[in-house]
Amino acid sequence: MIARALAAALALAAALALPARAERPAQMAVEAAVSDAVPGHPGLTYAALLKLALPDLAEGEDGIWTGTPAGPLRTPDGQPGVAETLTFRSVETLEILSDGRPIRLVMTNEMQDGVFTTLLAAYDLEGASPALLDAVDAGLDRWTALATTLPLAEGMDAVIVNGSHVNAGENYEVSSVLLLRKGRFAAICTQLAYSAMTGDWQSVESFAVAAEPDPGAPYSAVAVSVTVETTRLCLDCAIEEGAPAPGRRVYSGRFRWDAAAEAYAPAGGDLAEVPGPE
């Protein structure tokens, strides 16, 4: 899917943009069957973990799993969510570091057309029994994928989630950078990259994210950019009214740790000016 291809590209970009103090490379999410064992924990399956967030989890005869959250899931940016039944065949999983501890993330691969709700759950597996730390609705678009970690400090990773869908002549790619701190997810930033094409021109937007050293702060700053490249496809055609001018422009923004708020906050940039759908 488009979301998985974007996840692979983001994993490579994150690996190439590590801050000097981050020792471990970015980790990329993998797909797993719900009944698979969790790596390093024989006898523990993803189904057992998911039951902590979806108490009525059950597998149908067709291999499709369903489950309903015990209560409404909030979004990572704190907005109220829903408690509807989720339908999925597999999960995506990734181990991150949070507050110096290894944490297992599990995301459902939703199968319901037009349903954006996607469960993202975090588990501490270091104790005598698995503990569910947090569960949120991380759905971004028609397809949502768990992508890669973004190391921010020794013992602390952010995680990138992306979503996408395609219309005729349009491509939507949404990326969200999340932080799990003190057992709770929070959004650092969410950014749309919108691409469009007509018979005369095309405009392609590319998202990139990197961790940058931030002296004096406990965590690296998060630098986000969207590169917009616009080209004419028909040089002999009259320029249509309202068509974007050919060229290349990079929009950027920076997010820094705010110690007083205990959260990341915008620290300048022009991401609000990135062109989007009308």
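The structure this text deals with has already been given above.
Note that this is a predicted model, so its numbers are computed, not measured.

(A) Just the nonpolar core, in detail. Core analysis: the largest hydrophobic core is formed by 26 residues, its most contacted members being Leu152, Ile188, Val222 and Tyr264. Contributions of two or more residues to this core are made by strand S8 (143–153), strand S9 (156–167), strand S10 (170–181), strand S11 (184–197), strand S12 (201–212), strand S13 (221–232) and strand S14 (247–258). Sequence-distant contacts of Tyr264, that is, excluding residues within four places in its chain, are made with Leu152, Leu179, Ile188, Tyr219, Ser220, Ala221, Val222, Phe255, Arg256 and Trp257. The next biggest cluster of nonpolar side chains, apart from the first, holds 22 residues, and it includes Leu44, Leu73, Val106 and Ala121.

(B) Structural view of empty space enclosed by the protein. Per the counting criterion, the structure on display carries two cavities of 30 Å³ or more. Of the voids in this model, the second largest cavity is the one considered here, and its volume is about 60 Å³. Every residue along the wall of the second largest cavity is listed here: Val38, Pro39, His41, Glu95, Pro102, Ile103, Arg104, Tyr123, Leu125 and Glu126. Looking at the lining of the second largest cavity, the element that brings in the most residues is strand S5 (residues 101–110), giving three residues. Tallied by class, residues from the lining of the second largest cavity come to six nonpolar, one polar and three charged.

(C) Layout of the pattern of salt bridges. The final tally for this structure, using the stated rule, is eight salt bridges. Linked by salt bridges that have partners in common, Arg181, Lys182 and Glu262 make up one network.

(D) Region of the structure containing helix H2 (residues 46–53). Along H2, the positions that sit buried rather than exposed are Tyr46, Ala47, Leu49, Leu50 and Ala53. Buried residues of H2, viewed axially, fall in a sector of 160 degrees; they line one side. Where the residues of H2 are buried, they touch strand S1 (30–33), strand S3 (65–67), strand S4 (86–98), S5, strand S6 (119–124) and strand S7 (131–137).

(E) Seen up close, the sheet that holds S12. Taken in spatial order, the eight strands line up as S8-S9-S10-S11-S12-S13-S14-S15 in an open sheet, and their pairing is antiparallel. The open sheet has two free edges, formed respectively by S8 and strand S15 (263–269), since each of these has just one partner strand. With direction set aside, neighbouring strand axes in the sheet form an average angle of 20 degrees.

(F) Summary view of the environment of Val30. For Val30, the location among the structural elements is in strand S1. Overall, Val30 belongs to the partly exposed group, its relative accessible area being 47%. The contacts of Val30, once residues within four sequence positions are left out, are Val91, Glu92 and Thr93.

About the thresholds
- Residues numbered from 1 in each chain as written.
- Predicted model: local features only at pLDDT ≥ 70, side-chain atom pairs only at ≥ 80, totals over all residues.
- Heavy atoms only, no water.
- Core = buried A, V, L, I, M, F, W, Y, C linked by side-chain atoms within 4.5 Å.
- Buried < 20%, exposed > 50% of the residue type's maximum accessible area, 1.4 Å probe, protein only.
- Helix = DSSP H or I, 4+ residues; strand = E, 2+ residues; numbered from the N terminus.
- Contact = heavy atoms within 4.5 Å.
- 1 Å grid on protein atoms, 1.4 Å probe; cavity = no way out; pocket = protein on both sides within 12 Å on 5 of 7 lines; lining within 4 Å.
- Points joined across faces, edges and corners; volume = space filled by probe spheres on them.
- Nonpolar A, V, L, I, M, F, W, Y, C, P; charged D, E, K, R; others polar.
- Salt bridge = Lys/Arg side-chain N within 4 Å of Asp/Glu carboxyl O.
- Arc of directions from axis to C-beta.
- Pairing = 2+ DSSP bridges.
- Axes fitted to C-alpha atoms, helices over the stretch in contact; angles between N-to-C directions.

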